[in-house]
Amino acid sequence: MKFYWSMPEGLKVLYRRELKNYDDEISKGNLTLAWRQLERAHILGQAWTREHTHVHWLMLKFGIKIKNRKEILGQLPRLILGGVKSFVGVIPTGNTGGANVPGLKPMEIPEDLQQMLKPYKKK
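Residues numbered from 1 in each chain as written. Predicted model: local features only at pLDDT ≥ 70, side-chain atom pairs only at ≥ 80, totals over all residues. Heavy atoms only, no water.

Draft legend 1. Focus on the layout of surface pockets. The space that makes up the second largest pocket amounts to roughly 200 Å³. Looking at the lining of the second largest pocket, the elements that each hand over two or more residues are helix H3 (49–65) and helix H4 (69–87). Split into classes, the residues belonging to the lining of the second largest pocket amount to six nonpolar, eight polar and two charged. (1 Å grid on protein atoms, 1.4 Å probe; cavity = no way out; pocket = protein on both sides within 12 Å on 5 of 7 lines; lining within 4 Å. Points joined across faces, edges and corners; volume = space filled by probe spheres on them. Helix = DSSP H or I, 4+ residues; strand = E, 2+ residues; numbered from the N terminus. Nonpolar A, V, L, I, M, F, W, Y, C, P; charged D, E, K, R; others polar.)

Structure representation (structure tokens):
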């Protein structure tokens, strides 16, 4: 069994850029754009335990900030189980990570993110 712990450095730069964009948007009060950046970071990071768990932590904090009970309750199991699923390589590819979508539903990956992920595809 292969474990997925460390995100490749090149992809980590792209993942961090999405999180920086999230920070920028949240500081401006642009909640819709901030959430979109978290979803994009989730897609990039979901295959790696640390990054996947970190995005769910940020999504939980976002849910608390906007006082969205569904998001808060939806993030708790994702926070606990998401990293474990990444660790053993069982993830729903493309899932955006929010409580507004089923946690195990694979989703279409936006074209620009597909291009970012292409060099790091797991075989």
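Draft legend 2. Quick peek at the side chain of Asn 95. With respect to the helices, strands and loops of the structure, Asn 95 is situated in the loop between H4 and helix H5 (111–117). For Asn 95, a relative accessible area of 3% puts it in the buried group. There is a polar contact of 2.8 Å between the side chain of Asn 95 and the backbone nitrogen of Gly 97. (Buried < 20%, exposed > 50% of the residue type's maximum accessible area, 1.4 Å probe, protein only. Polar contact = N/O pair within 3.5 Å; in protein donor to acceptor, adjacent residues only side chain to side chain.)

Draft legend 3. Structural context of helix H1 (residues 9–28). Here H1 spans 29 Å end to end across 20 residues, near enough to the 28 Å set by a 1.5 Å rise per residue. Taken residue by residue, H1 has Leu 11, Lys 12, Leu 14, Tyr 15, Glu 18, Leu 19, Tyr 22, Glu 25 and Ile 26 as its buried positions. Viewed along the axis of H1, the buried residues span an arc of 165 degrees, placing them on a single side of the element. Set apart from the buried face of H1 by more than 90 degrees, the exposed residues are Glu 9, Val 13, Arg 16, Ser 27 and Lys 28. (Expected span 1.5 Å × (residues − 1). Arc of directions from axis to C-beta.)

Draft legend 4. Spatial organisation of the pattern of salt bridges. Enumeration over the complete set of coordinates arrives at four salt bridges. For Glu 9, the salt bridge identified is with Lys 12, shortest N-O distance 3.5 Å. Taken together, the residues Glu 9 and Lys 12, both in helix H1 and three residues apart, mark about one turn of the helix. With a closest N to O distance of 2.9 Å, Asp 24 and Lys 20 form a salt bridge. Note that Asp 24 and Lys 20 are positioned in helix H1 at a spacing of four residues, about one turn of the helix. Under the relative-accessibility criterion, Lys 20 is labelled partly exposed at 48%. Each of the salt bridges in this network shares a partner with another, and the network as a whole consists of Glu 18, Arg 40 and Asp 112. (Salt bridge = Lys/Arg side-chain N within 4 Å of Asp/Glu carboxyl O.)

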